[in-house]
Amino acid sequence: MIVRGRELLRDFEGDADAVVVGTGAGGGMAVRELARAGLKVMALEEGGYHVPSDFTQREEEMIPLLFRERGATMTSDLAIRVLMGRAVGGSTIHNTNLCKRTPPEILDAWARKYDVVGCSEKELAPAFEQVEKDLSVREIPKEQHNANNQILARGMKALGFHGGPLKHNRVGCRESGFCELGCSYDAKQNVTKVLLPEAFAGPGQAVVMSDVRVTRIEHQSGVVSGVSGDATDARGRSIAGVKVRAKVVIVAASAIGTAALALASNLPDPNELAGRGLRLHPGAAIAGFFDERIDGVYGIPQSYECTEFLDFREGSQRRVWITTAFAHPIGAAISLPGFGASHMTLLRNYSRMAVLTAMVHDETEGRVTVDREGAPRIAYEMGEGDRAQLVLGLRGAARILLAAGAREVVLASIPPIRLKSPLDVERITQDAVRPHGLPMISVHPMGTMRFGENPKTSVVKSTGEHHGVRGLFVLDGSLFPTSIGVPPQISIYAMAKHLAKHAIERAR
Amino acid sequence: MGTIGEASNGLSDPRVGRRKWLQSLIIGGVVSALGGGVALVRTGGYDIDAITSARLRMLAPWQYAVVRHVARRMLAADRSEGVPSADDVGVAEFVDGYLVDMRPALRRDLLWFLRFVEQLAPFGSASLHRFTELAPADQDEVLSALEASHIDLLRVGFQALKSLIMMGYYRDPRTFAILGYRGPLLGLPEQGRP
C-alpha cells in the first residue's frame, strides 16, 4: 500500500517490525525482502509518488519533480552538480537502466583493504543473478542502438578501442529516449514496477509513505528504536509529524542523504567516519558535430560503452569510463558554451550532435557534513590524479568522435575548446578540467558509511548493521568503501538483497 | 542547472566566505559608488508597467528588468525569421515563477547575483551605468566578462542565471524548430520507434 504523506491531516505515529528510509534501489529491495520474510515493514520516502502518466517528457517539469533540490544540488565549492533521485523508487525512476555488476577486482580490494567479509564475487553472485532475473536484465541488441550509440561504436571500431553493448533493465521499451525524465511507458523494471508490487503481495505487510522527510534516527544506549520526521506538502513545507517505532531501521537514502541523516541523529561515531569517503564518479561531456542527422535525443540512451581506459586493478592509471550522454534541449542549451547568436547557431546543430561522457572511477575522497538544520553539505575537491583521468577520458572521447566522422568536437570549458583533428586532442589539459573551468556532473554518489569488520575504519559491519547501534542497518551505495567505477544501480540492488537477511534476522 | 550557493552556518564552510565575500564586494562597491556620487543603489526608475509588477511572485520589478535584459542578450537570435524572442516566450516571467519553489538560500544568492549584474558588473567594462541602461553590445561585453571571470563565484552565478534563462526559453515548443527537435514522444504505439 502506498500512502501519500502530503495528504495527512494530522500527525502520524505507527509501529512496524522494520522501517526503511528511502525507496531507491537499496530501500526498495529491503522493503521487498522484509515483506517476503513475513515482516511488517514501513518505508518512508522524502519524494512524491508518481505514476507513468505523470511523466510528461518535459525537462522543466520533471527535473524539479524527480530530483533532490529540484536538480540544483552542488558540491560546496559549486564545481560539481550532484543529481540524486527524490521520489518513490528513488533514482530507479529516472536512471538510464544501466546494469553492470560490481567489478571483481573492486570486491577483492574491499576484502583485503577494508576488512569486508561475505561479499566476494562468488558470495554475491546469487544475489546478482536473482536481481538480474527479477529485473529482466538483458543486453541491448544492436538494432536498438540509437545513432548516438552507433557513433560511439563506430569510432571505437575505427580506433580499435575495447568496449561493447550494455545491459539494461527495460521491458516494453518504445525507444522514445526520455528515460532520464521518468518513463511514460512504464518500461523500466524498477522499484515501483517490480519490487513494490511484490512487497505488497506479502506475506508480510508493506506500507510506503511518500512525502516524508525523516530527520532523526531514534536510538538509546546503542539500540535503535525508530525514526521521526515530517510529512511535507508539494513545496516541501512540514504539514504533520511522523514517527515510526521499529526494532530495525534500514537507512537507504543515498550516499548523501544516508550520511546526513546519520550525522543529524548523533549516532555513536568515535572515529568520526560517518560522511567520510564520499566518491562521486564525476564526469564531463564532450560534443561532436556531424554532417548527418543523428537525433541523439531519441532512442535508447547509453546502450554502448568504451572500456579502453578502464582497468580496475589496484594502482591502475586507466580509471575512466566512456559512454554516451545526450542531453534534452534545455540540458543542451545550458551545457553548450557561450550565449547569444553564436550559442543559438551552435544549437541549430542539435540534431547533428553526438555527445559522449567520460566518468572517473575516482580516488578523491569527499565528505558529507550537515548544517544546523540537518541539510547535507558536500565537500569534494577533485584531486590531481582524478583530473588527469578526466583528461585521459575526454581526449579518448574526442578521438572517438573524430574517428566516427565528427567535423568538429567541442568541449564546453572556459574558454571552450574546439577540435577538428585527432592531433588537437592534446589541447584538452588539466587546466581545462579545473574546478569551475568545465561543467561537471555526478550521478553516482557512493561511500560515506563504509562497511567492514573493523570499527576503526568502517561505520557499519559487513552485514550492514551499524557498529555502535544494534538494529540500525545501511543498505545503499553509502556502504561502498571505494568507487565501483560502474553505474551502481545493480550493485545496490544486489548488495541490499544479499544483506537483507541480517536485518530480517534482527527484526524477528 | 548550476547554482550559486547554499545555506551555511560554519566558519569552516567555504561557501560562507564566498558568499560573504560577494556580499561585501557588492556592498563595498555600492558604498564606494555612492561616495563617488553615482546612485547605483537606486532600484527605481525601471520601465515596468503596474500590471506586470503586480503579477511578479518573487522578483522585485527592478530584478525582473535585469532578468529580462539578460535574457534578451543571452537569447539574441542568429537570424531574424522564425525565432521567438525572449519576451515573446516570457522568459523573465518563467524565471520569476521558478524561483518560488527554489530553496531560499539558493534564491537569495541568485537575487544577490542579479544585484551584482545590474549595479557592479558594468564597472568591469568601465561603465558607470547600470546594466539595464547599457547598449546591447555593452551588455554582451559585461556578460562575456562574467562568463569568463577569474572569480569562480561569478562564473557559477553566470551559469546559474544562464540555466534558468535557457530553461525558460527552450521549454517552449515555439523554440523547438531552432533545434530541429520534434518534442516529447508521448503515445507511441507498442512497436513504434521514433
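Preceding this paragraph is the structure being described.
In this report, we go over the structure that sits alongside the text. Just so it is clear, the structure is predicted and the values come from calculations on it, not from any experiment.

Thoughts on the overall build of chain A
Link 1 in the chain: A tally of regular secondary structure across chain A gives 11 helices and 22 strands.
Link 2 in the chain: Against the compact-globule benchmark of 23 Å for 508 residues, chain A has a radius of gyration of 22 Å, which places it among compact chains.
Link 3 in the chain: Counting only C-alpha atoms and orienting by the principal axes, one finds that chain A spans roughly 65 × 45 × 45 Å.
Link 4 in the chain: Looking at chain A residue by residue over its 508 residues, the buried ones come to 65%.
Link 5 in the chain: Accessible surface, chain A: about 17,400 Å² in total, of which carbon and sulfur atoms supply 49%.
Link 6 in the chain: Of the side-chain charges in chain A, 60 are positive and 57 negative, and the distance between the mean point of each set is 1 Å.

A few points about the overall build of chain B
Link 1 in the chain: Along chain B, the regular secondary structure elements total nine helices and zero strands.
Link 2 in the chain: Within chain B, buried positions represent 54% of all 194 residues.
Link 3 in the chain: The contacts in chain B between residues at least 6 apart in sequence include a share of 68% that link residues at least 24 apart.
Link 4 in the chain: Here chain B displays about 8,500 Å² of accessible surface, and carbon together with sulfur accounts for 55% of that area.

A short note on the interface of chain A and chain B
How big an interface is tends to be expressed through the accessible area that disappears when the partners come together.
Link 1 in the chain: Each partner contributes to the interface: chain A provides 56 residues, whereas chain B provides 64 residues.
Link 2 in the chain: There are four salt bridges connecting chain A and chain B.
Link 3 in the chain: Close ionic contact of B:Asp78 with A:Arg348 constitutes a salt bridge, the shortest N to O distance being 2.8 Å.
Link 4 in the chain: One can count 22 residue pairs in polar contact (both at pLDDT 80 or more) joining chain A with chain B.
Link 5 in the chain: Every element with two or more residues in the side of chain A that touches chain B is listed here: α2 (59-66), α8 (329-335), α9 (340-347) and β18 (376-379) of chain A.
Link 6 in the chain: When residues of the side of chain A that touches chain B are assigned to their parent elements, the largest contribution, six residues, is made by α9(A).
Link 7 in the chain: Residues belonging to the side of chain A that touches chain B are distributed by class as follows: 23 nonpolar, 16 polar and 17 charged.

Some words on the state of the cysteines
Residue and element names in this part refer to chain A.
Link 1 in the chain: Overall, the coordinates contain zero disulfides over all chains when judged by the stated rule.
Link 2 in the chain: A disulfide-free cysteine, cysteine 179 has its sulfur positioned 6.0 Å from the sulfur of cysteine 173, the nearest such atom.
Link 3 in the chain: In this model cysteine 183 remains outside any disulfide bridge; the closest cysteine sulfur is found in cysteine 179, 6.6 Å from its own.

Comments concerning the pairing of strand β3 (residues 40-44) of chain A
Regular strands place side chains that alternate from one sheet face to the opposite one.
Residue and element names in this part refer to chain A.
Link 1 in the chain: Counting buried residues in β3 gives four out of five residues, a clear majority hidden from the surface.
Link 2 in the chain: Here strand β2 (residues 12-21) pairs with β3 via four bridges, running parallel. Note on β3: the bridge partner recorded for valine 21 is leucine 44.
Link 3 in the chain: With five bridges connecting them, β3 and strand β8 (residues 205-210) associate as parallel partners. Paired with leucine 44 across the two strands is methionine 209, which belongs to β8.

Some details on the packing of aromatic side chains
Link 1 in the chain: For the structure shown, the criterion picks out 12 aromatic pairs over all chains.
Link 2 in the chain: When the ring of A:Tyr350 is compared with that of B:Tyr181, the centres are 6.2 Å apart and the planes differ by 85°; the resulting orientation is edge-to-face. Pair noted here: A:Tyr350 is in the loop between α9 and β16 (353-360) and B:Tyr181 is in the segment after α9 (176-179), and the two residues belong to different chains.
Link 3 in the chain: A:Tyr350 sits in the buried class, given a relative accessible area of 2%.
Link 4 in the chain: One aromatic cluster in this structure is built from A:Phe178, A:Tyr298, A:Phe326, A:Tyr350, B:Phe176 and B:Tyr181.
Link 5 in the chain: It is A:Arg70 that lies over the ring of B:Tyr98; its NZ or CZ is 4.4 Å from the centre.

Some details on the environment of A:Tyr49
Link 1 in the chain: Position of A:Tyr49 relative to the elements: it lies in the loop between β3 and α2.
Link 2 in the chain: A sequence separation of 159 residues divides A:Tyr49 from A:Val208, and the C-alpha atoms of the two residues are 9.4 Å apart.

Section: the packing of helix α1 (residues 25-36) of chain A against helix α6 (residues 191-200) of chain A
All names here are of chain A.
Link 1 in the chain: Relative orientation of the contacting elements α1 and α6 amounts to 25°, with a least axis distance of 7 Å. Of the possible angle classes, the one that applies to α1 and α6 is roughly parallel. Read as a crossing pair, α1 and α6 show a hand that is left-handed. Contact residues: α1 offers Ala25, Gly28, Met29, Val31, Arg32, Ala35 and Arg36, while α6 offers Val191, Leu195, Leu196, Glu198 and Ala199.

Brief notes about the nonpolar core
Link 1 in the chain: A:Leu44, A:Trp110, A:Ile286, A:Leu390 and A:Leu394 are the most contacted members of the largest nonpolar core, which totals 141 residues.
Link 2 in the chain: With 11 residues, helix α11 (residues 489-507) of chain A is the single largest residue contributor to this core.
Link 3 in the chain: When sequence neighbours within four positions are dropped, the list of residues in contact with A:Ile286 reads A:Ala354, A:Val355, A:Leu356, A:Leu394, A:Ala397, A:Ala398, A:Leu401, A:Val409, A:Val410, A:Leu411 and A:Ile428.
Link 4 in the chain: In terms of nonpolar packing, the next biggest core, distinct from the first, is built from 88 residues, A:Ala332, B:Ala92, B:Met166 and B:Tyr169 among them.

Here we look at the sheet that holds strand β12 (residues 276-278) of chain A
All names here are of chain A.
Link 1 in the chain: With antiparallel pairing, the three strands of this open sheet are ordered in space as β12-β17-β18. The open sheet is flanked by β12 and β18, the only strands paired with a single partner. Pairs of neighbouring strands in the sheet enclose a mean axial angle of 45°, with direction left out of account.
Link 2 in the chain: Pairing analysis gives two bridges linking β12 to strand β17 (residues 366-370), with the strands arranged antiparallel. Looking across to β17, one finds that leucine 278 is bridged to glycine 366.
Link 3 in the chain: The strands touched by helix α7 (residues 254-264) are β12, β17 and β18; relative to β17, the strand with the most contacts, the crossing angle is about 45°.

A short note on the environment of A:Met42
All names here are of chain A.
Link 1 in the chain: Summarising the element assignment, methionine 42 is placed in strand β3.
Link 2 in the chain: Along the chain, methionine 42 and valine 208 lie 166 residues apart, while their C-alpha atoms are 5.8 Å from each other.
Link 3 in the chain: When residues no more than four places from it in sequence are discounted, the contact partners of methionine 42 are Phe12, Ala16, Ala18, Val19, Val20, Val207, Met209 and Val244.

As for the packing of helix α7 (residues 136-147) of chain B against helix α8 (residues 152-170) of chain B
Residues and elements named next belong to chain B.
Link 1 in the chain: Where α7 contacts α8, the two axes come as close as 7 Å, and the packing angle between them is 120°. Classified by the angle their axes make, α7 and α8 are oblique. Residue-level contacts link Leu143, Leu146 and Glu147 of α7 to Leu154, Arg155, Phe158 and Lys162 of α8.
Link 2 in the chain: A per-class count over the contact of α7 with α8 returns four nonpolar, no polar and three charged.

As for the side chain of A:Glu465
Residues and elements named next belong to chain A.
Link 1 in the chain: Secondary-structure assignment places glutamate 465 in the loop between β21 (440-442) and β22 (472-474).
Link 2 in the chain: Residue glutamate 465 is classed as buried on the basis of its relative accessible area of 4%.
Link 3 in the chain: Polar contacts involving the side chain of glutamate 465 include one to the main-chain amide nitrogen of glycine 471, which spans 2.6 Å.
Link 4 in the chain: Those residues within four positions of glutamate 465 in sequence are excluded, and the remaining contacts are Val460, Arg470, Gly471, Leu472, Phe473 and Arg506.

Re the environment of A:Pro455
Residue and element names in this part refer to chain A.
Link 1 in the chain: Within the fold, proline 455 resides in the loop between β21 and β22.
Link 2 in the chain: The spatial distance from the C-alpha of proline 455 to the C-alpha of glycine 468 is 8.6 Å, given a sequence separation of 13 residues.
Link 3 in the chain: Ignoring sequence-local partners within four residues, the contact set of proline 455 consists of Asn271, Leu273 and His467.

Notes on α6(A)
Residues and elements named next belong to chain A.
Link 1 in the chain: Among the residues of α6, those classed as buried are Val191, Val194, Leu195, Leu196 and Ala199. Take α6 and look down its axis: the buried residues cluster within an arc of 165°, on one side only.
Link 2 in the chain: If you follow the buried residues of α6, they end up packed against α1, α4 (121-134), β8 and α11.
Link 3 in the chain: Positive backbone phi, at 85°, marks glycine 202, one or two positions downstream of α6.

Parameters at a glance
Residues numbered from 1 in each chain as written. Chains lettered and ligands numbered in written order. Predicted model: local features only at pLDDT ≥ 70, side-chain atom pairs only at ≥ 80, totals over all residues. Heavy atoms only, no water. Helix = DSSP H or I, 4+ residues; strand = E, 2+ residues; numbered from the N terminus. Rg over C-alpha atoms; globule rule 2.2 N^0.38 Å. Buried < 20%, exposed > 50% of the residue type's maximum accessible area, 1.4 Å probe, protein only. Areas by Shrake-Rupley, 256 points an atom, 1.4 Å probe, with all protein chains shown as cover. Lys, Arg positive; Asp, Glu negative; His and termini not counted. Charge placed at Lys NZ, Arg CZ, Asp CG, Glu CD. Contact = heavy atoms within 4.5 Å. Salt bridge = Lys/Arg side-chain N within 4 Å of Asp/Glu carboxyl O. Polar contact = N/O pair within 3.5 Å; in protein donor to acceptor, adjacent residues only side chain to side chain. Nonpolar A, V, L, I, M, F, W, Y, C, P; charged D, E, K, R; others polar. Disulfide = S-S within 2.5 Å. Pairing = 2+ DSSP bridges. Phe/Tyr/Trp six-rings, centres within 6.5 Å; stacked < 30°, edge-to-face > 60°. Lys NZ or Arg CZ within 6 Å of the ring centre and 35° of its normal. Axes fitted to C-alpha atoms, helices over the stretch in contact; angles between N-to-C directions. Parallel < 35°, antiparallel > 145°, perpendicular 65-115°, else oblique. Left-handed = near helix turned anticlockwise from the far one by under 90°. Core = buried A, V, L, I, M, F, W, Y, C linked by side-chain atoms within 4.5 Å. Arc of directions from axis to C-beta.

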